[in-house]
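Here are the chains, one letter per residue:
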Amino acid sequence: MTPIEQMNWMQVEAYLQHDDRCVLPLGSTEQHAYLSLAVDNILPSKLAHEAAAPLGIPVFPVLPYGITPYFRAYPGSVTLRVQTYLSVVRDLLDGLHEQGFRRILIVNGHGGNSPALGFSAEWMADHPGTQVKFHNWWNAPRVWAQVQATDTNASHASWMENFPWTRLEGAAMPDAEKGAVNLDRLRLLSPQALRNYLGEGNYGGRFQRPDEDMQAIWDVAVQETRELLDGGWIE
């Protein structure tokens, strides 16, 4: 494992003499019902580290704030404006490019950060020779297939984000399955109206499933992410 936190600048400079890959996790600090407010930071960061570890590729710290205006009525949920967010992503990509990184894997942990996907294509067009892969880990083909094979009722703040490392000690989970919310209606609501409609924050599904189910999904996620790092780049 090669987290940037455990490297100094000289080690990064030496690494860039023989490799130009890195990982940039993107997250968000927002409500996840009974789970940690940092679920979308914990998952892409942990996944990036586990995927990159055998390859010796450096992983930068997760960007812990994203685009989540709809959750503003939930205390602890902090959002950036779209323009601000894309400016931050631009500055990060510019900085990585300036220092010599040419193959960048973005591991995204929050669906609301999707404007960065389109932006990354624009940024690449302005930086010939540098490649950026944008990876929504939770709905990547093999991960999503594993999720659906486990339980088709899966969504934000439900069992599919409930891993041992996103649970909070002492926060009991309801032993129940919540029906899927109406997403078309949800998108039209103000933050307070959304909270009134959504309640605790789960978009639909059970609140928890056995750890064996979650580990099976996680193993697929690590392998799928590692393969993106290890191959598929244009030489």
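Just so it is clear, the model here is predicted, and its values are computed rather than measured. (Residues numbered from 1 in each chain as written. Predicted model: local features only at pLDDT ≥ 70, side-chain atom pairs only at ≥ 80, totals over all residues. Heavy atoms only, no water.)

**Student:** What is the right way to look at the layout of surface pockets in this model?
**Tutor:** One simple way to see leftover space: roll a probe sized like a water molecule over the atoms. If you add up the space inside the largest pocket, you get close to 620 Å³. Along the walls of the largest pocket sit 24 residues, with Gly-111, Trp-138, His-156, Leu-183 and Tyr-203 positioned nearest its centre. Per-class residue counts for the lining of the largest pocket are 13 nonpolar, 7 polar and 4 charged. (1 Å grid on protein atoms, 1.4 Å probe; cavity = no way out; pocket = protein on both sides within 12 Å on 5 of 7 lines; lining within 4 Å. Points joined across faces, edges and corners; volume = space filled by probe spheres on them. Nonpolar A, V, L, I, M, F, W, Y, C, P; charged D, E, K, R; others polar.)

**Student:** Just checking my understanding: could you explain helix α3 (residues 82-98) for this structure?
**Tutor:** Each α-helix turn comprises 3.6 residues. Residues three or four places apart therefore point the same way. In this model α3 runs 24 Å from its N-terminal to its C-terminal C-alpha over 17 residues, within 8% of the 24 Å that 1.5 Å per residue would give. Listed in full, the buried residues belonging to α3 are Tyr-85, Leu-86, Val-89, Leu-93 and Leu-96. The buried residues of α3 all sit within an arc of 90° when viewed along its axis, so they share a single face. Of the exposed residues in α3, the ones pointing more than 90 degrees away from its buried face are Gln-83, Asp-91 and Glu-98. (Helix = DSSP H or I, 4+ residues; strand = E, 2+ residues; numbered from the N terminus. Expected span 1.5 Å × (residues − 1). Buried < 20%, exposed > 50% of the residue type's maximum accessible area, 1.4 Å probe, protein only. Arc of directions from axis to C-beta.)

**Student:** I keep staring at the pairing of strand β2 (residues 21-26) and nothing clicks. Help me out?
**Tutor:** Within a regular strand, side chains alternate between the sheet's two faces. Of all the 6 residues making up β2, 6 are buried; the element is thus mostly covered by neighbouring parts of the structure. In β2, alternate side chains face the same way, and those of Arg-21, Val-23 and Pro-25 on one face and Cys-22, Leu-24 and Leu-26 on the other are all buried. Bridge analysis of β2 against strand β4 (residues 103-108) gives 6 bridges, and the strand direction is parallel. Counterpart to Arg-21 in the pairing with β4 is Arg-103. (Pairing = 2+ DSSP bridges.)

**Student:** Help me understand unusual backbone geometry, please; the structure alone is not making it clear to me.
**Tutor:** If a residue is not glycine, its phi is most likely negative; likewise, a peptide bond is most likely trans. The residue Ala-33 is not glycine, and still its phi comes out positive at about 55°. Note on placement: Ala-33 falls in the loop between β2 and α2 (39-52). A residue is classified by how much of its surface remains accessible, and Ala-33, at 24% relative accessible area, is partly exposed. Positioned with a positive phi, Ala-157 is a non-glycine residue whose angle comes to about 65°. For Ala-157, the location among the structural elements is in the loop between α5 (141-150) and β6 (177-178). By relative accessible area, Ala-157 is classed as buried at 3%.

**Student:** Help me understand the pattern of salt bridges in this model?
**Tutor:** Note that side chains of opposite charge can pair when their charged atoms are close. What the rule picks out here adds up to 13 salt bridges. Across the pair Glu-50 and Lys-46 runs a salt bridge whose closest N-O atoms are separated by 2.8 Å. You can see Glu-50 and its partner Lys-46 sitting in helix α2, 4 residues apart, about one turn around the helix. We classify Glu-50 as partly exposed; its relative accessible area is 25%. Taking relative accessible area as the criterion, Lys-46 reaches 27% and is therefore assigned partly exposed. Across the pair Arg-167 and Asp-211 runs a salt bridge whose closest N-O atoms are separated by 2.4 Å. Within this pair, whereas Arg-167 is found in the loop between α5 and β6, its partner Asp-211 is found in helix α8 (residues 211-230), the two being separated by 44 residues in sequence. (Salt bridge = Lys/Arg side-chain N within 4 Å of Asp/Glu carboxyl O.)

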